[in-house]
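Residue strings, one per chain:
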Amino acid sequence: MEKKDTFIHPYMPNSVPDIKKSMLEEIGVGSVEEIYKSLIPDDLLYKERLDLPEPITSEYELKKHVMGILNKNVTTETYISFLGAGCYRHQVPAICDELNSRGEFLTAYCGDTYSDHGKMQAIFEYTSMMGELLDTDVVSYTTYDAGQSVCSALRIALRVMEAKGRPKDVVFVPDTMNPEIYSQACSYCRNVAKVVQIRSDKATGRMDLKDLEAKLKQEKAAAVFYENPSYLGFFEQQAEKIASLAHKYDALCIAQPEAASLGIVESPANLGADILCGDIQPLGMHMQFGGGQAGFIACQQRLELIEQFPTYMYGIAKTSKEGRYGWGRAMNYRCSHGSREKAREYFGTETGLWGITAGIYLASMGPQGMYELGETILQKTAYAIRQLSELDKITVNLFGGSNFQEFVINFDQTQMTVEEVNQALLKKQIFGGKDLSKDFPQYGQSALYCISELTTEDEIRALKDGLSDIIRGC
């Protein structure tokens, strides 16, 4: 007990005993434990000491300890990687890391703005460039990731219908969508709506429009959602028909484009989609062991939609001086920071720095750079498919047609599981594709392989040679 009362933690503010004592006296309690007991029911309160190691107080020893843990990982800088499925290895211009590490932007709390007009302008510029990329009028402040942006977009549609006096309780999604986001959507919407999957065409993977229309006739749907390109890499070539069917049955159309593709692919906003959502991780963010994610929501200048956005929105405004402008939050009453429990939806603020980073990336790339990015990925993906298709006993590009960044390889003829193939590839210092066999059992032993602009011809040949050896040995 004596050690507990006198120990001063070097990384915890206000851990000096005298300061802790004065703070407790100020609120009228004798110990921190009293606070916990007043809030947590006794049957839920853990009364033993947590099984945690003693604190490491030396900065050098702490760094050595943490690096020892991190060094157990093998990174995509060390091994060749063909993993994607929502988090991608792209080139990050040096200027992105240089600027987002500056003290003006990098803070312990998300790079938030409040009265900081510099950050407000930086986020405004990001949303403006995203608006150009998406061809939309309005772009939200960043969400946690693509999952939250999709979930929030679905809830926006449900609220819009309720506000119109036409409440609905179903949203439709393709059965080929990102399984993690599908799981999120089911949880996020479960108290207000069902998330119903639309059957896909077995040959192409694309949404079965007959099944979609049949379900639209049967259910009161608030929205129809699709990905383009899809989670499995193929292009959804029926975008306009999907939007048309949704509107025919008084539903909104929501689309998730891939940010890296928008330099060469038409924005869903010009194909009938009402709301766009997705992830900005490809725009200047490192993979970071799965981190560095942030999402967006966008639409045209439609007040009925904008009023239901849950996040901050940044606008430009005139000042008292002619020709001088300022930046600030627009329609702040909508969000949980503006009206708390009366807000449309709760949102967090930890991804503001990534919005600024994406703005830096878009500014450095420009329209021509985004075009070249998309073109390079498209060409390298086609090359990889062509090379790997020369191998026996595997089916490459299961759905045929053109793909962006990702494609499916089926291993059923090898009599090996994807897990076995990936373990064999690891021995050759190659990360194989994402195993789809659990999330999409209908496609057998299949894996999702990713190609980015950083994937080299030598890496594709190494994969081809590696798979060839594995297939011959099976």
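Scroll up to find the structure.
As the structure is a computational prediction, the values presented were derived from the model and not from experiment.

S.K.: Describe unusual backbone geometry, and please don't skip the residues or the numbers.
M.R.: Cis geometry marks the peptide bond from Asn228 to Pro229; its omega dihedral reads 0°. Tracing the backbone through its elements, the reader meets Pro229 in the loop between strand E5 (221-228) and helix H10 (239-248). For Ala85, which is not glycine, the phi dihedral falls at a positive 55°. In this fold, Ala85 is placed in the loop between strand E1 (80-81) and helix H5 (94-100). In this model, Asn397 sits at a positive phi of 60°, which is unusual for a non-glycine residue. Here Asn397 is to be found in the loop between strand E11 (395-396) and strand E12 (406-410).

S.K.: A description of the pattern of salt bridges should follow, citing residues and the corresponding values.
M.R.: One pass over the full model with this rule turns up 18 salt bridges. Between Arg302 and Asp274 there is a salt bridge whose closest N-O contact spans 2.6 Å. Of this pair, Arg302 sits in the loop between strand E8 (295-299) and helix H11 (303-306) while Asp274 sits in the loop between strand E6 (252-257) and strand E7 (275-279); the two residues are 28 residues apart in sequence, bridging distant segments of the chain. For Arg302, a relative accessible area of 27% translates into the label partly exposed. For Asp274, a relative accessible area of 8% gives the class buried. As a salt-bridge pair, Arg302 and Glu304 come within 2.7 Å of each other at their nearest N and O atoms. Linked through salt bridges whose partners overlap, the residues forming this network are Lys164, Asp274, Arg302 and Glu304.

S.K.: A description of the pairing of E8 should follow, citing residues and the corresponding values.
M.R.: Most of E8 sits out of view: five of its five residues are buried. Neither face of E8 is open: one carries Gly295, Ile297 and Cys299, the other Phe296 and Ala298, and all of them are buried. Note: strand E2 (residues 138-139) against E8, two bridges, orientation antiparallel. If you follow Val138 over to E8, its bridge partner there is Cys299. Here E7 runs beside E8; their pairing, made up of five bridges, is antiparallel. Paired with Asp279 across the two strands is Gly295, which belongs to E8.

S.K.: An account of the packing of helix H7 (residues 146-163) against helix H8 (residues 179-189) is needed here, citing residue identities and associated values.
M.R.: It is the contact of H7 with H8, at a shortest axis distance of 9 Å, that shows an interaxial angle of 40°. The angle between H7 and H8 falls in the class oblique. Handedness of the H7/H8 crossing: right-handed. Each of Ala146, Gly147, Gln148, Val150, Cys151, Ser152, Leu154, Arg155 and Leu158 in H7 lies in contact with H8, whose residues at this interface are Ile181, Gln184, Ala185, Tyr188 and Cys189. Per-class residue counts for the contact of H7 with H8 are nine nonpolar, four polar and one charged.

S.K.: Outline the packing of aromatic side chains, supporting the account with residue identities and numerical values.
M.R.: Under the defined criterion, the tally for this structure stands at 11 aromatic pairs. Geometrically, the ring pair formed by Tyr79 and Phe431 is tilted, given 5.4 Å between the ring centres and 40° between the ring planes. With a gap of 352 residues between them, Tyr79 in the loop between helix H4 (59-70) and E1 and Phe431 in strand E13 (residues 430-431) connect regions that are remote in the sequence. No difference in accessibility class separates Tyr79 from Phe431, as the two residues are buried.

S.K.: If you had to explain helix H9 (residues 209-218) to someone new, which residues and values would you point to?
M.R.: For H9, every residue scored as buried is listed here: Leu209, Asp211, Leu212, Lys215 and Leu216. Take H9 and look down its axis: the buried residues cluster within an arc of 155°, on one side only. What points out from H9, more than 90 degrees from its buried face, is the exposed set Lys210, Lys217 and Gln218. Elements in contact with the buried residues of H9: strand E3 (170-174), strand E4 (194-198), E5 and H10.

S.K.: Lay out the sheet that holds E7 with the relevant residues and their values.
M.R.: One open sheet holds the seven strands; their spatial order is E2-E8-E7-E6-E5-E3-E4, and the pairing between them is mixed. One side of each edge strand has no neighbouring strand; the edge strands of this open sheet are E2 and E4. Bridge count for E5 against E6 is six bridges, and the pairing is parallel. Residue pairing across strands places Tyr226 opposite Ala255, the latter belonging to E6. Each of E3, E4 and E5 touches H9; the most contacted strand, E4, lies at about 150° to it.

S.K.: Quick rundown of the nonpolar core? Include the residues and the values.
M.R.: Among the nonpolar cores identified, the biggest contains 63 residues, and Met130, Phe172, Leu212, Ile280 and Leu283 are the most heavily contacted of them. Looking at this core, the element that brings in the most residues is helix H13 (residues 352-388), giving 10 residues. Once you skip the residues sitting within four places of it in the chain, Met130 turns out to touch Val139, Ile280, Leu283, Phe296 and Leu362. Val195, Ala223, Ile275 and Cys277 belong to the second largest nonpolar core, which has 32 residues in total.

S.K.: Quick rundown of the environment of Ile275? Include the residues and the values.
M.R.: Locating Ile275 in the fold gives a position in strand E7. Note: C-alpha distance between Ile275 and Phe235 (40 residues apart in sequence) is 19 Å. The residues touching Ile275, leaving out its near neighbours within four places in the chain, are Ala153, Ile156, Leu252, Cys253, Ile254, Ala255, Ile297, Ala298 and Leu305.

S.K.: Explain the sheet that holds strand E14 (residues 434-435) to me, and be specific about the residues and the numbers.
M.R.: Backbone hydrogen bonds hold the strands of a sheet together, and the pairing may be parallel or antiparallel. Taken together, four strands build an open sheet; the order of strands is E11-E12-E15-E14 and the sheet is antiparallel. Every interior strand has two partners, whereas the edge strands, E11 and E14, have only one. One ladder, built from two bridges, connects E11 with E12; its direction is antiparallel. Bridging from a neighbouring strand, Thr395 pairs with Asn410 of E12. Together, E11 and E12 form the strand contacts of H13, whose direction differs from that of E12 by roughly 15°.

The rules behind each value
Residues numbered from 1 in each chain as written. Predicted model: local features only at pLDDT ≥ 70, side-chain atom pairs only at ≥ 80, totals over all residues. Heavy atoms only, no water. Helix = DSSP H or I, 4+ residues; strand = E, 2+ residues; numbered from the N terminus. Salt bridge = Lys/Arg side-chain N within 4 Å of Asp/Glu carboxyl O. Buried < 20%, exposed > 50% of the residue type's maximum accessible area, 1.4 Å probe, protein only. Pairing = 2+ DSSP bridges. Axes fitted to C-alpha atoms, helices over the stretch in contact; angles between N-to-C directions. Parallel < 35°, antiparallel > 145°, perpendicular 65-115°, else oblique. Left-handed = near helix turned anticlockwise from the far one by under 90°. Contact = heavy atoms within 4.5 Å. Nonpolar A, V, L, I, M, F, W, Y, C, P; charged D, E, K, R; others polar. Phe/Tyr/Trp six-rings, centres within 6.5 Å; stacked < 30°, edge-to-face > 60°. Arc of directions from axis to C-beta. Core = buried A, V, L, I, M, F, W, Y, C linked by side-chain atoms within 4.5 Å.

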